Amino acid sequence: MSKVIYPGQTIGIIGGGQLGRMMALAAKEAGFRVAVLDPAMDSPCGQVADIRIVAGYEDQEALAELAEVSDVITYEFENIDYAGLKKVMEYAYVPQGAELIRITQDRRIEKTEIEKAGVPVAPFTIVETVEDLHRGIEQLGYPVILKTARGGYDGKGQLKLTSEEDLHEAQKIVESVPCVLEKIIPFTTEISTIIHRNAAGESYILPIAENIHVNHILHQSIVPARVTNAIEKKAELAAKAIAEHLDLIGTLAVEMFVVEEDLIINELAPRPHNSGHYSIEACNVSQFHQHIRAICGWPLRKPRLWESSVMVNLLGQHVVPATNQLAKHPEWSLHLYGKHEAKENRKMGHITIMTDDMERTLFELEETTIWS
Ligand SMILES: Nc1ncnc2c1ncn2[C@@H]1O[C@H](COP(=O)(O)OP(=O)(O)O)[C@@H](O)[C@H]1O
Ligand SMILES: [Mg+2]
């Protein structure tokens, strides 16, 4: 069943965005070949891959072609075609399986599975009709947040409801797609735990990141998260419990809310995560290296943080101002993903800074005015 994949063999990645690109770069370091399936010829991952298959993610023929040239198949995002992946599993080696995709594609299933793992999520109800919506609000009370069950990211597909005035807009969403309705959590901090697990059941957690969002998009990850040891321990136990419950192979990012001394799980991502990019420089094993090790049946490395670090995202509007200040900042590790069009709020790259004085570094970042 489980296999060891060796250098010289080919890793096939479904999805050619920045996560695929950074996976590919990690894989290529160890001499793997990389094939990528993406609708764009010049995708971020396509630029560094050995083989490009240019087609939609649900294109069965293209998936078969990817499988043909690959010794192992992985994916860089969860919104791929579940049925298509199941089909690929009939003739290709997909160690992560399709179950993780089925679960994390749909918030209704995801939340239910997290609860089954014995860890708390925000109080929620499933909303498939307008009646469900009214019942849900009655049950949870304002303020609540309505999220489409499928396809949301970076706050897209979400609506905050603070009073009856927001009902009309919420109804319009509910009439078109299934949703979940969640209680708004007055969190003190948001953190994320990235856990890797291989087929042998070996698992490790990366140092926990504290995440600061701006307009629902991740802005900064500060590592280690500024939380108590007790919270750190709880976060690790929660991530482990979920990973075991889901029989994880590969990578799972677990986003969490810290509320005083309690933890609430927000959502899962079955892949490397934006909040783990810091690990490329700041750890002895990056989330991408560890992912490749996990899917290739290699032993995992015990993560170690070399130094505290902060990662800050470069969205479309930040690229030019950041580039203009590069010469002044030898401490910046700059990553750009090779996307041509710097659209507003599009994730174009990131900067990681390792530091022994976090408060000062955060202050200096603010002083650049790039992100203000
Ligand atoms: N129940 C909630 N209470 C408070 N804030 C929330 C809640 N759900 C989401 N948020 C805020 O919105 C952000 C994005 O929501 P999330 O569910 O993670 O969706 P996405 O898929 O867009 O990342 C979260 O990181 C958090 O800041
Ligand atoms: Mg999120």
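- Labelled according to an unreviewed UniProt entry, the protein appears under the name N5-carboxyaminoimidazole ribonucleotide synthase, originating from Tetzosporium hominis.
- Under Sequence similarities (unreviewed entry), UniProt gives the following word-for-word description of the protein: "Belongs to the PurK/PurT family."
- Note on the protein: under the UniProt heading Subunit (unreviewed entry), the record states "Homodimer."

**Details of the overall build of the protein**
For step 1, the next point in the chain: In terms of helices and strands, the protein carries 12 helices and 17 strands.
For step 2, the next point in the chain: At 20 Å, the protein has a C-alpha radius of gyration in line with the 21 Å of a compact globule built from 372 residues.
For step 3, the next point in the chain: Summarising its shape, the C-alpha atoms of the protein cover approximately 60 × 50 × 40 Å along the three principal directions.
For step 4, the next point in the chain: The burial tally for the protein puts 55% of its 372 residues in the buried class.
For step 5, the next point in the chain: Across the protein, the fraction of contacts at a sequence separation of at least 24, relative to all contacts at a separation of at least 6, is 63%.
For step 6, the next point in the chain: Of the roughly 16300 Å² of accessible surface on the protein, a fraction of 50% belongs to carbon and sulfur atoms.
For step 7, the next point in the chain: Considering the protein, the positive charge centre built from 35 side chains and the negative charge centre built from 53 side chains are found 4 Å apart.

**Points about the sheet that holds strand β7 (residues 158-161)**
For step 1, the next point in the chain: As summarised here, the arrangement of the 4 strands in space is β5-β8-β6-β7, forming an open sheet in which the pairing is antiparallel. The open sheet terminates on both sides in strands that have one partner only, identified here as β5 (124-127) and β7. Each strand axis lies, on average, 20° off the axis of its neighbour in the sheet, ignoring direction.
For step 2, the next point in the chain: Sheet topology note: the β5/strand β8 (residues 179-183) ladder contains 4 bridges and is antiparallel. Looking at β8, one finds that threonine 125 is bridged to leucine 181.
For step 3, the next point in the chain: Here helix α5 (residues 107-116) sits on the sheet and contacts β5, β6 (144-148), β7 and β8; the angle it forms with β8, its principal contact strand, is near 50°.

**Digging into the nonpolar core**
For step 1, the next point in the chain: Core analysis: the biggest nonpolar cluster contains 46 residues, and Ile14, Ile191, Ile242, Met256 and Ile265 have the highest contact counts within it.
For step 2, the next point in the chain: The dominant element in this core, judged by the number of residues it contributes, is helix α8 (residues 229-245), at 6 residues.
For step 3, the next point in the chain: Residue-level mapping places this core at the junction of two domains, with at least three residues from each of domain 1 (10-94) and domain 3 (189-368).
For step 4, the next point in the chain: In contact with isoleucine 14, not counting residues within four places along its chain, are Leu37, Tyr57, Leu63, Leu66, Ile73, Thr74, Tyr75, Glu76, Phe77, Ile80 and Leu85.
For step 5, the next point in the chain: Ranked by size, the runner-up nonpolar core spans 22 residues in total, among them Ile11, Met22, Met23 and Tyr337.

**Thoughts on the sheet that holds strand β1 (residues 10-14)**
Hydrogen bonds along the backbone pair up the strands of a sheet, which may run parallel or antiparallel.
For step 1, the next point in the chain: Pairing is parallel across the open sheet formed by 4 strands, whose spatial order is β3-β2-β1-β4. Of all strands in the sheet, those with a lone pairing partner are β3 (51-54) and β4 (72-75), marking the two edges. Across the sheet, the mean angle from the axis of one strand to that of its neighbour is 20°, orientation sign disregarded.
For step 2, the next point in the chain: One ladder, built from 5 bridges, connects β1 with strand β2 (residues 33-38); its direction is parallel. Each bridged residue has a counterpart across the sheet, and for isoleucine 13 the counterpart in β2 is valine 36.
For step 3, the next point in the chain: Of the strands in this sheet, β1, β2, β3 and β4 are in contact with helix α2 (residues 60-69), which crosses β2 at around 180°.

**A closer look at the coordination of the magnesium ion (ligand 2)**
For step 1, the next point in the chain: At the metal site, the magnesium ion (ligand 2) is ligated by Glu255 (OE), Glu255 (OE) and Glu267 (OE), and these contacts range over 2.0 to 2.8 Å. Of the two residues, glutamate 255 is situated in strand β13 (residues 250-259) and glutamate 267 in strand β14 (residues 262-269); the sequence distance between them amounts to 12 residues.
For step 2, the next point in the chain: Given the relative accessible area of 15%, glutamate 255 is considered buried.

**Here we look at the UniProt feature "domain: ATP-grasp" (unreviewed entry) in the protein**
For step 1, the next point in the chain: Under the present numbering, the feature "domain: ATP-grasp" (unreviewed entry) in UniProt falls on residues 111-296.
For step 2, the next point in the chain: Helix makes up 31% of residues 111-296 and strand 33%, whereas the separation of the span's terminal C-alpha atoms amounts to 29 Å.

About the criteria used
- Residues numbered from 1 in each chain as written.
- Chains lettered and ligands numbered in written order.
- Predicted model: local features only at pLDDT ≥ 70, side-chain atom pairs only at ≥ 80, totals over all residues.
- Heavy atoms only, no water.
- UniProt positions renumbered as here; feature names shortened; annotations may be inferred.
- Helix = DSSP H or I, 4+ residues; strand = E, 2+ residues; numbered from the N terminus.
- Rg over C-alpha atoms; globule rule 2.2 N^0.38 Å.
- Buried < 20%, exposed > 50% of the residue type's maximum accessible area, 1.4 Å probe, protein only.
- Contact = heavy atoms within 4.5 Å.
- Areas by Shrake-Rupley, 256 points an atom, 1.4 Å probe, with all protein chains shown as cover.
- Lys, Arg positive; Asp, Glu negative; His and termini not counted.
- Charge placed at Lys NZ, Arg CZ, Asp CG, Glu CD.
- Pairing = 2+ DSSP bridges.
- Axes fitted to C-alpha atoms, helices over the stretch in contact; angles between N-to-C directions.
- Core = buried A, V, L, I, M, F, W, Y, C linked by side-chain atoms within 4.5 Å.
- Domains from an automatic or database assignment.
- Donors = N, O, S within 2.8 Å, 3.2 Å for Na, K, Ca; no water.

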